[in-house]
Amino acid sequence: MNWNNLDKYTIKAFCQENNIKLIIDASHAHAQIICQLAINYATLTNIPYLRPIKKSVLS
């Protein structure tokens, strides 16, 4: 898998090849592309999607 060229097709292939049943998005808060790809794929396939939110240490 070429992680430098992520798109909806590579996400789909990865999830199907690895029998993914749950997506836990632990990407960086500014990683908008992978986050949106994961959300879109989870929505289309009805796979549960979780994105833990880290509390800010400054708040």
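Look up: the structure comes first, before these words.
Computed from a prediction, not measured in an experiment: that's the story for all the values here.

Q: What is the right way to read the nonpolar core from this model?
A: Ranked by size, the top nonpolar core spans eight residues in total: Ile11, Cys15, Ile23, Leu37, Ala38, Tyr41, Ala42 and Ile47. Put simply, the parts of the chain that give this core at least two residues each are helix H1 (8–17) and helix H2 (32–45). Ranked by residues supplied to this core, first place goes to H2 with four residues. Residues within four places of leucine 37 in sequence aside, it is in contact with Leu6, Asp7, Lys8 and Ile11.

Q: Even after reading the chapter, I still don't get unusual backbone geometry, so can you show me in this structure?
A: Residues apart from glycine generally show negative phi values, whereas peptide bonds are mostly found in trans. Unlike most non-glycine residues, asparagine 19 shows phi in positive territory, near 50 degrees. Positioned with a positive phi, asparagine 46 is a non-glycine residue whose angle comes to about 65 degrees. Position of asparagine 46 among the secondary structure elements: in the loop between H2 and strand S2 (49–50).

Q: Looking at this structure, how should I read the layout of surface pockets?
A: Take a probe with the size of a water molecule and roll it over the atoms, and the empty space left behind shows itself. Here the largest pocket is characterised by a volume of approximately 250 Å³. If you go around the largest pocket, you meet 13 residues; those closest to its centre are Phe14, Ile23, Ile24, Ile34 and Ala38. Residue assignment for the lining of the largest pocket shows that the elements contributing at least two residues are H1, strand S1 (23–24) and H2. Of the residues forming the lining of the largest pocket, the biggest block, three residues, is contributed by H1.

Q: What's the story with the side chain of aspartate 25 in this structure? I'm lost.
A: Here aspartate 25 is to be found in the loop between S1 and H2. Side-chain polar atoms of aspartate 25 contact the side chain of tyrosine 49, separated by 2.6 Å. Leaving out residues up to four positions away in the same chain, aspartate 25 has contacts with Cys35, Tyr49, Leu50, Arg51 and Pro52.

Reading guide: rules and limits
Residues numbered from 1 in each chain as written. Predicted model: local features only at pLDDT ≥ 70, side-chain atom pairs only at ≥ 80, totals over all residues. Heavy atoms only, no water. Core = buried A, V, L, I, M, F, W, Y, C linked by side-chain atoms within 4.5 Å. Buried < 20%, exposed > 50% of the residue type's maximum accessible area, 1.4 Å probe, protein only. Helix = DSSP H or I, 4+ residues; strand = E, 2+ residues; numbered from the N terminus. Contact = heavy atoms within 4.5 Å. 1 Å grid on protein atoms, 1.4 Å probe; cavity = no way out; pocket = protein on both sides within 12 Å on 5 of 7 lines; lining within 4 Å. Points joined across faces, edges and corners; volume = space filled by probe spheres on them. Polar contact = N/O pair within 3.5 Å; in protein donor to acceptor, adjacent residues only side chain to side chain.

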